[in-house]
Amino acid sequence: MWSLASFLFGLIGAGACVVAAVWILTRGDRDRSDRMAVIGALGLSTLWCVIIASIGADSLPANIAEVVRNLGWLFVVYRLFANDGRHESLRPIRPVVAVLAFVELLQLALLVVAIRFAITDQLAALTFQLMSMFRIMAAVGALVLLHNLYVGAVKGVRPILRWSAAALAVFWGFELNFYTVAYLSRDYPAELDAVRGLLIACIAIPLAIGSKRSAADIRIRPSRSVTFQSLSLLIIASYLLLMVVIAQSLAMLDGGIGRLTQVGFTFAASIVALLWLPSQRLRGWVKVTAVKHLFQHRYDYRAEWLRFTRTVSQGDDASRPLQERVIQAMADITDSPSGLLLMPGETAALELAAAWNWNDIEVPAGPIPQVLVDLFESNGFILDVDDVRAGRDQHGESAMIPQWIREEENVWAIVPLLHFDRLTGVIVLARPAAPRRLDWEDFDLLGVVGQQLASYLAEQSGQQALMESARFDEFNRRIAFVMHDIKNLASQLSLLARNAEKHAENPEFRADMLVTLRNSADKLNTLLARLNRYGAGGDKKREPTSLLDIAQRIIAQYEGQHPVSMIRNDDSQVLADAEGVEQALVHIVHNAIEASDTDTPVYLDLYCDGVRGCIEVVDSGSGMSPDFIRNGLFKPFVSSKNGGFGIGAFEAREIIRAMGGRLDVESREGLGTRFTASFPLSAVAGYLSETHSLKNAEVA
């Protein structure tokens, strides 16, 4: 029955191919580049259909005709890519088509092996499986080419192109399934073999319809993601094919040793595949190779810009700070796995502002020297760290690179962020999985992206300044209520003074009056002292003060509440206001206690560096992130308490600054925090003030 069906369907296929070829020759568009290729492939398919109808599909002439027929259809796919008349666009396609043609031609060699050398059943079975695998590879490759053909076509011509693409996709899809079943069952499936002639008849109809088109301009723009996936699939398919060939060859060994060797090799190959094929390094190599050989430009600028905008605007998690999203947006362009953002701090020197996927790197204080910052700002160049390590120097930056960057092998590139010729920050990129040298296209794109990111950061800084100004306005409104309370207090005192004229002789009135006056005076003095601390009179109370006495008073204040201990007690006489220093340190110690566990002590460390007296407040609490230290710790009016002003840390820093001191912070999340308050020694305070004045005069 199946032989009869094969005969009938073969005749039907031959007739359909002849009719379709005549139709295309007489009525098809004559300017189509694939016109003669389709006619030739239909003629070869007609020959194959006639042979299988006459002497069967298993005969030697049928196998040879099938090879020639498949080469004809591969050539049709190739010519479809040239339908726009621009043959230069075919360069990335030619190697793929050549490889597929070579795989198909191997069938002829296997036919010779099957006829002359496959003298045993095992050799015959092995030859049959190899032929099936090569046919599977050819079908997969042809389907990948068809997919890229259709996806890269202009939308306006897809309705015409889809007829030819659909016909060829059906043909190669059937071939893929047919030979897959044959490989698994180790024999040709009779049912599918019988309808192959009918399949040829079915694809001849859409090919004839697709021979006419209304538009001649077809631009081939294969998707990069599809190309990378296709190359990955080809690599995986080649790997599996190699493993199967080796496994089948090992199976030819005699006895249980051959079977054991085959199973062991298959297991080892599977482990290697699981570890190697999904690796990031392999994906990076595939991407770099595809970009290098298949595309004119390294980047798909439209896709990169869409991804950049999406990452900066919201990213995977919109709650992440802008600084981290800025690093990711830059790192995604070069496939860098991590990065750092350095931004100017309070003293205008660069400091670590954020880290993305790079928590194990140690960034020292002052990570970039000022001379290198000035060089970035004046030249705006992107630094390839590998060039510096190799001794290549363009702007004299080799002598300016800090040692921690030279020693950290993962540091790959440094990109400055310039906004109106002003350095807003610097991004340090980690080495990608597939490292390479930066070229002109990298420099151009990273430079433009750096300027855009700098504008985002500058805009955020401006908005924060406006928000801070608005908070100061809110603070001024609150001060109005404070002044109202002062006015009420003054009115009460005035009323008390008037009543004193009438009841001055009353002993009870005099006693109440004294209590009221004392309480009112205390309230006024406390309020005025706090309001006046930020004024011009802040320096009038500066006098030689013992930091040790202040530290001992703070320890005594928290005795019985929380353990506060002293590490070193090197007494230093500093020029400061004792009350102000104590109040500032109380703020810091209180915050350290709140960040620590109940029984975990907070340490005070007193020492002198010869010029300044220092007191450190050290805790091993939860710690703080660089982003919080930069954008939240010293920002006023942000409080976690209901009705609070949120000016504790801000007030402590301003008090210390008003006395000529300095407050520095070092913190690591999960490890703890160190606050260092330093003040000029009373013995050298005059010299420091004079030196500072001379420097200001020189600058002026």
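Given the structure is predicted, the values throughout are model-derived calculations rather than measurements.

**Student:** Explanation requested: unusual backbone geometry in the structure shown.
**Tutor:** A negative phi angle is the norm for most residues apart from glycine, just as the trans form is the norm for most peptide bonds. We note that Asp-335 has phi near 60°; this positive angle belongs to a residue other than glycine. For Asp-335, the location among the structural elements is in the loop between helix H13 (322-334) and strand S1 (339-344). Look at Asp-335 and you get partly exposed, because its relative accessible area is 35%. Phi at Asp-421 is positive, roughly 60°, even though this residue is not glycine.

**Student:** What exactly am I supposed to notice about the sheet that holds strand S11 (residues 662-668) here?
**Tutor:** Strand pairing within a sheet occurs via backbone hydrogen bonds; the two strands may be parallel or antiparallel. If you walk across this open sheet you meet the five strands as S7-S9-S10-S12-S11, and the pairing is mixed. Both edges of this open sheet fall to strand S7 (564-569) and S11, since each of them pairs with a single strand only. The mean inter-strand angle of the sheet, taken between neighbouring strand axes irrespective of direction, is 15°. Here S11 pairs with strand S12 (residues 672-680) via seven bridges, running antiparallel. Within the sheet, the bridge partner assigned to Glu-666 lies in S12 and is Arg-674.

**Student:** Quick question: what am I supposed to make of the packing of aromatic side chains here?
**Tutor:** Think of a pair of aromatic rings as described by two things: how far the centres are apart, and how the planes are tilted against each other in angle. Evaluated as defined, the whole model comprises 11 aromatic pairs. Judged by centre distance (6.1 Å) and plane angle (35°), the rings of Phe-75 and Tyr-78 are tilted. Of the two residues, Phe-75 and Tyr-78 are both situated in helix H3 (residues 60-80); the distance of three residues between them amounts to about one turn of the helix. Judged by its relative accessible area of 15%, Tyr-78 is buried. Among the aromatic side chains, those forming a connected cluster through ring pairs are Phe-128, Phe-174, Phe-178, Tyr-179 and Tyr-188. Its guanidinium or amino end placed over the ring of Trp-48, Arg-69 lies 4.4 Å from that ring's centre, counting from NZ or CZ. A cation over an aromatic ring shows up here: Arg-196 above the ring of Phe-178, its NZ or CZ 4.5 Å from the ring centre.

**Student:** What is the right way to look at the sheet that holds S1 in this model?
**Tutor:** The sheet built from five strands is open, its strands ordered S2-S1-S5-S4-S3 with antiparallel pairing. Unpaired on one side and paired on the other, strand S2 (350-356) and strand S3 (383-384) mark the two borders of the sheet. Inspection of the sheet shows strand S4 (residues 411-419) paired to strand S5 (residues 422-430) by eight bridges, in the antiparallel sense. Its bridge partner lying in S5, Val-411 is registered against Ala-430. Sitting on the sheet, helix H21 (residues 626-633) touches S1 and S2, and the angle it makes with S2 is about 120°.

**Student:** What should I look at first to understand the nonpolar core in this one?
**Tutor:** Across soluble globular proteins, nonpolar side chains have a tendency to be buried as a group. Membership of the largest hydrophobic core comes to 58 residues, with the highest contact counts inside it found for Leu-42, Trp-73, Leu-168 and Trp-172. For this core, the secondary-structure elements that each account for two or more residues are helix H1 (2-27), helix H2 (35-55), H3, helix H4 (94-116), helix H5 (121-151), helix H6 (158-185) and helix H8 (196-209). In terms of residues, this core owes the most to one element, H5, which gives 11 residues. Grouped together as the second largest cluster of nonpolar side chains are 35 residues, Val-589, Leu-604, Ile-655 and Phe-679 included.

**Student:** Could you clarify how one ought to interpret the packing of helix H12 (residues 301-313) against H13 in this entry?
**Tutor:** Helix packing for two helices is described by the angle between their axes and how far apart those axes are. Interhelical geometry of H12 versus H13 gives an angle of 165° and a closest axis separation of 8 Å. Considered as vectors, H12 and H13 are oriented roughly antiparallel to each other. In terms of crossing hand, the pair formed by H12 and H13 is right-handed. Contacts between H12 and H13 involve Glu-304, Arg-307, Phe-308, Thr-311, Val-312 and Ser-313 on the former and, on the latter, Leu-322, Arg-325, Gln-328, Ala-329, Asp-332 and Ile-333. When its residues are assigned to classes, the contact of H12 with H13 shows five nonpolar, three polar and four charged.

**Student:** Looking at this structure, how should I read the pattern of salt bridges?
**Tutor:** Close approach of charged atoms lets side chains of opposite charge pair. Across all of its chains, the model carries 19 salt bridges by this definition. One salt bridge connects Arg-135 with Glu-66, and the closest N-O pair in it is separated by 3.3 Å. Of this pair, Arg-135 sits in helix H5 while Glu-66 sits in helix H3, and the two are 69 residues apart along the sequence. Overall, Arg-135 belongs to the buried group, its relative accessible area being 4%. Judged by relative accessible area, Glu-66 falls into the buried class, the value being 2%.

Procedures and definitions
- Residues numbered from 1 in each chain as written.
- Predicted model: local features only at pLDDT ≥ 70, side-chain atom pairs only at ≥ 80, totals over all residues.
- Heavy atoms only, no water.
- Helix = DSSP H or I, 4+ residues; strand = E, 2+ residues; numbered from the N terminus.
- Buried < 20%, exposed > 50% of the residue type's maximum accessible area, 1.4 Å probe, protein only.
- Pairing = 2+ DSSP bridges.
- Axes fitted to C-alpha atoms, helices over the stretch in contact; angles between N-to-C directions.
- Phe/Tyr/Trp six-rings, centres within 6.5 Å; stacked < 30°, edge-to-face > 60°.
- Lys NZ or Arg CZ within 6 Å of the ring centre and 35° of its normal.
- Contact = heavy atoms within 4.5 Å.
- Core = buried A, V, L, I, M, F, W, Y, C linked by side-chain atoms within 4.5 Å.
- Parallel < 35°, antiparallel > 145°, perpendicular 65-115°, else oblique.
- Left-handed = near helix turned anticlockwise from the far one by under 90°.
- Nonpolar A, V, L, I, M, F, W, Y, C, P; charged D, E, K, R; others polar.
- Salt bridge = Lys/Arg side-chain N within 4 Å of Asp/Glu carboxyl O.

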